[in-house]
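Fold and contact review
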Amino acid sequence: MDRNRLFDTPASVDSNTNKKISSLPGQAIWQAVREHLKEVLSTADFERWITDLKLIAEVDGKIVIAARDRLSYDRVSADHRHILQRIWKEHDDARRDIRLVCWKEAGADLRTIVEDPWADAAPEAAAGGAGSGSGGNDGGTPTSGPRPSSGAPEMTFGTLVTGKSNAISVELAKRVADGQPVGTQVHLISGPQGTGKTHTLLALRTRALETNTDATVVYLTAEEFLSAYTDGVKAKDTSALKKRLRAASILLIDDLHRISGKPGTETELFQNIREVTGQGGNVVLAGDKTPGELAGFSPRMMSELKGATVVEVELPDEDMRREIIRRLARHIAEAHPDFVLDEALIERIHTGIRGPGRELTGAVWNLFTEAGFGTMAPTSDMLERVIRRMEGEVRAPTIELVKKAAMKVFNVSKADLESPSKARTVVYPRQIAMYLCREQTHKSFPQIGRAFGRRDHTTVLYAHRKLTKALPKDPELAADIARVAAAILELQATGNH
């Protein structure tokens, strides 16, 4: 159904009571509301967030207004929804409620009665991008045109890999999103870069808006806060920033450490934190360090942080790392069926990329590019090029380093590896060590044999041939070899060569 037929009639009528509920057509009311908003909002806010909104339908007695994409929806919902509702009721005799929706996520109930409100519009500068990207920063200043989607999965709790390293922070975020008591109103999630802190904050925001339509959630990076505050100081008016933040029922500030050593910005943030919590709201901060490790903040701010609920996020464990790779690969494969990562490729990414989760996902996306943007099946050669670009040329390990790695994985001693023992608990790790010595050190069979208790080169040759033949058919052997290879990389990363 054409939306104009819904709103351009002389008046709307309640079909149940046949009662006239408005003396003006909906589109006329909407135009009056827009003109009113133009007077009370800043020009920048009106142009960025209001001009692109569309009045699309009346459903169950509520006026449905659509934002083009998630970023626009989030900004309007966080900053302007209440004033939009108030001004609508001032102009609407029926004083109907407003229902704000994101058109890109609209359900069938709307799409069956209304065509895409932007379908016939000429290309124009939209009020922001399409969803959040891999970096997670969808709260920034919009560009002059629509941002293309990154193709990355949306940052929700459903796409966040959860394990021992982040279980407490995820539970905290869910409780805040659901309005459950946590004990304090200020919370700090701390941990190294690339460990999913931003993903957790954005997942919190999504869940809060889904479970509580009255929630006002404001997400800002510390850099955005600093930029907005600096602009306000230059204009001698920081009221717009104050208004936006203090309307929040949940205030999310990412990368807190970036405003340390900036006393003016810190004072402004402190005051806004107090305003939000004073009105019963929650503030969730994320940063690289715990309060005991932070520097550059005033005693007042340090006291606020030390009185907060503080949870730490650690680097993902081995199982989480593999699951991060698998999930992203499955997500890409939904749109690109040829992009399939087998377990060998997953394991090679896991062992070859030793950084946090962000670097693992970067490796998968680079492999996607290397595979013709998903038009070809990824190969080990493609992956090796990706790893080389990301990690540089890795120095070949020494025979002694390979031994140390096998000793660590299988809990055997150097004496065991060099002994004449034929017990399986010794022979198995010894053969894997010999195999990896040949594969990674490029030493000759006689050199390797001498390093393992002065064995004959034929012993090493036998072990290498045996494992090479068994490897394609024995997943347990492949996994054990991968574990030793990973231990070699870990030892190299800690300075053992």
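To start, this report covers the structure provided alongside it. (Residues numbered from 1 in each chain as written. Predicted model: local features only at pLDDT ≥ 70, side-chain atom pairs only at ≥ 80, totals over all residues. Heavy atoms only, no water.)

A short note on the overall build of the chain
- Within the chain, the regular secondary structure consists of 22 helices and 10 strands.
- Across the 497 residues of the chain, 48% fall into the buried class.
- Put simply, 70% of the contacts in the chain that link residues at least 6 apart link residues at least 24 apart.
- Carbon and sulfur atoms make up 50% of the accessible area of the chain, which totals about 24,200 Å². (Helix = DSSP H or I, 4+ residues; strand = E, 2+ residues; numbered from the N terminus. Buried < 20%, exposed > 50% of the residue type's maximum accessible area, 1.4 Å probe, protein only. Contact = heavy atoms within 4.5 Å. Areas by Shrake-Rupley, 256 points an atom, 1.4 Å probe, with all protein chains shown as cover.)

Digging into the packing of helix H14 (residues 343-352) against helix H16 (residues 380-391)
- For the pair H14 and H16, interaxial distance at closest approach is 11 Å and the crossing angle is 15°. Judged by the inter-axis angle, H14 sits roughly parallel to H16. The chirality of how H14 crosses H16 is right-handed. Taken together, the residues of H16 that come into contact with H14 (itself represented by Leu345, Arg348, Ile349 and Gly352) are Ser380, Leu383, Glu384, Ile387 and Glu391.
- Partitioned by chemical class, the residues of the contact of H14 with H16 number four nonpolar, two polar and three charged. (Axes fitted to C-alpha atoms, helices over the stretch in contact; angles between N-to-C directions. Parallel < 35°, antiparallel > 145°, perpendicular 65-115°, else oblique. Left-handed = near helix turned anticlockwise from the far one by under 90°. Nonpolar A, V, L, I, M, F, W, Y, C, P; charged D, E, K, R; others polar.)

Observations regarding the sheet that holds strand S10 (residues 309-312)
- With respect to topology, five strands assemble into an open sheet ordered S7-S8-S9-S6-S10, the strand pairing being parallel. The open sheet has two edge strands with one neighbour each: strand S7 (217-221) and S10. Each adjacent strand pair in this sheet contributes to an overall mean axis angle of 15°, direction not counted.
- Strand direction decides the pairing type here: S7 and strand S8 (residues 250-254), joined by five bridges, are parallel. Bridge pairing in S8 links Leu220 to Ile253.
- Contacts between helix H9 (residues 222-234) and the sheet are confined to S7 and S8, with S7 contributing the most and set at about 90° to the helix. (Pairing = 2+ DSSP bridges.)

Remarks on the pattern of salt bridges
- Summed over all chains, the structure comprises 25 salt bridges.
- Between Arg246 and Glu275 there is a salt bridge whose closest N-O contact spans 3.9 Å. Here Glu275 lies in helix H11 (residues 263-278) and Arg246 lies in helix H10 (residues 239-246), a separation of 29 residues in the sequence.
- Assessed through its relative accessible area of 21%, Arg246 is described here as partly exposed.
- The closest approach of N and O atoms between Glu370 and Arg385, which form a salt bridge, is 2.7 Å. Taken as a pair, Glu370 in helix H15 (residues 357-370) and Arg385 in helix H16 lie far apart in primary sequence, 15 residues in all.
- Within the structure, one salt-bridge network assembled from shared partners comprises Glu323, Arg326, Arg327, Arg330 and Glu343. (Salt bridge = Lys/Arg side-chain N within 4 Å of Asp/Glu carboxyl O.)

Quick word on H9
- Counted at 1.5 Å a residue, the expected span for H9 with its 13 residues is 18 Å, and the 18 Å between its end C-alpha atoms agrees.
- Within the sequence span of H9, burial applies to Ala222, Glu224, Phe225, Tyr229 and Gly232. End-on, the buried residues of H9 take up no more than an arc of 160°, which puts them together on one face.
- Of the residues flanking the end of H9, it is Lys236, one or two places downstream, whose phi is positive at about 60°. (Expected span 1.5 Å × (residues − 1). Arc of directions from axis to C-beta.)

Re the packing of H9 against H11
- H11 packs onto H9 with a crossing angle of 105° between their chain directions and a minimal axis gap of 10 Å. As far as their axial angle goes, H11 and H9 are roughly perpendicular. Note on element contacts: H11 touches H9 through Gly264, Thr265, Glu268, Leu269 and Asn272, opposite Phe225, Leu226 and Tyr229.
- Here the contact of H9 with H11 is composed, by residue class, of four nonpolar, three polar and one charged.

Remarks on the sheet that holds strand S5 (residues 97-102)
- Read across the open sheet, the three strands follow the order S3-S4-S5; overall the sheet is mixed. This sheet does not close on itself; its edge strands, each paired only once, are strand S3 (54-59) and S5. Strand-to-strand twist of the sheet, defined as the mean angle between neighbouring strand axes without regard to direction, takes the value 30°.
- Where S3 meets strand S4 (residues 62-67), five bridges bridge the pair, whose relative direction is antiparallel. Note that in S4 the partner of Ala57 across the bridge is Val64.
- In the packing of helix H4 (residues 70-79) onto the sheet, the strands contacted are S4 and S5, and the crossing angle to S5 comes to about 150°.
- The sheet contacts of helix H5 (residues 81-91) involve S3, S4 and S5, and relative to S5 the element is tilted by about 135°.

Without other data, these values stay purely geometric and don't point to any function.
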